[in-house]
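Listed below, chain by chain, are the residues.
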Amino acid sequence: MKFVFTDKKVNLPDSIHKYAEKKVGKLDRFFKEDATAAITFSVEKERNNKVEITIRSSGTIFRVSESTSDMHASIDAAVTTLERQIRKNKTRLEKRLRQGAFERALDVSELSTFAPDEPEEGEYSIVRSKTFPIKPMTKDEAILQMNLLGHSFFAFRDEEAEGAFAVVYRRNDGDYGLIEDER
């Protein structure tokens, strides 16, 4: 597994990076050789130490963010949450993860809470833009990917509808919804 470390507004000693690499490295048994772990460290308000781990492997993205008063505890909590995600979705993930990943015993948040001001007529402001490949997949794979990312929606191309654009989303009642291209 390859590691990429980012320190946001904080200078950490190499020992923290090594500790994170050791802890996240234990998850290596689940992933194929192409796996990359991006670990971001930051300090939030009130001295909370935040760790965000994003692992990309075989087209699947795992993301978790944890915040505690201690950086080591945040790393431990994030790794535990990743293990829980993998264990929870074990049967769905087996074909994407390393062969035999589950043979040994095992020792889940991007929410926006702001309320934007109503734009005046004709004035719209895009404050963030992302580009990413929209991959063909089944509805179940899209829901799995959405849950692994911790998002409330996920855009994809529906294999079952000849690659038509679709969006799955989590409803307030906990169920899922689907928005499909009319075609």
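About the cut-offs
Residues numbered from 1 in each chain as written. Predicted model: local features only at pLDDT ≥ 70, side-chain atom pairs only at ≥ 80, totals over all residues. Heavy atoms only, no water. Buried < 20%, exposed > 50% of the residue type's maximum accessible area, 1.4 Å probe, protein only. Helix = DSSP H or I, 4+ residues; strand = E, 2+ residues; numbered from the N terminus. Pairing = 2+ DSSP bridges. Contact = heavy atoms within 4.5 Å. Axes fitted to C-alpha atoms, helices over the stretch in contact; angles between N-to-C directions.

A. Main features of helix H4 (residues 139-149). H4 sits mainly inside the fold: eight of its 11 residues count as buried. Residues of H4 that are buried: Glu-141, Ala-142, Ile-143, Leu-144, Gln-145, Met-146, Leu-148 and Leu-149. Once H4 finishes, Gly-150 follows within two positions and takes phi at roughly 75°, a positive value.

B. Spotlight on the sheet that holds strand S7 (residues 164-170). Read across the sheet, four strands follow the order S5-S6-S7-S8 without closing on themselves; strand pairing throughout is mixed. The open sheet has two free edges, formed respectively by strand S5 (136-137) and strand S8 (176-180), since each of these has just one partner strand. Of the pairings in the sheet, the one linking S7 to S8 comprises five bridges and is antiparallel in character. In the strand pairing of S8, Arg-170 is matched with Tyr-176. H4 contacts S5, strand S6 (153-158), S7 and S8 of the sheet and is inclined by roughly 150° relative to S6.

C. Summary view of the side chain of Thr-40. Its location among the elements puts Thr-40 in strand S2 (residues 36-43). Judged by relative accessible area, which is 18%, Thr-40 ranks as buried. When residues no more than four places from it in sequence are discounted, the contact partners of Thr-40 are Thr-6, Lys-8, Lys-50, Val-51 and Glu-52.

D. Quick look at the pairing of strand S4 (residues 60-68). Here strand S3 (residues 49-57) pairs with S4 via nine bridges, running antiparallel. Considered in S4, the bridge of Ile-53 is made with Val-64. Counting the residues between successive antiparallel strands, the hairpin from S3 to S4 contains two residues, one of them, Ser-58, with a positive phi of roughly 50°.

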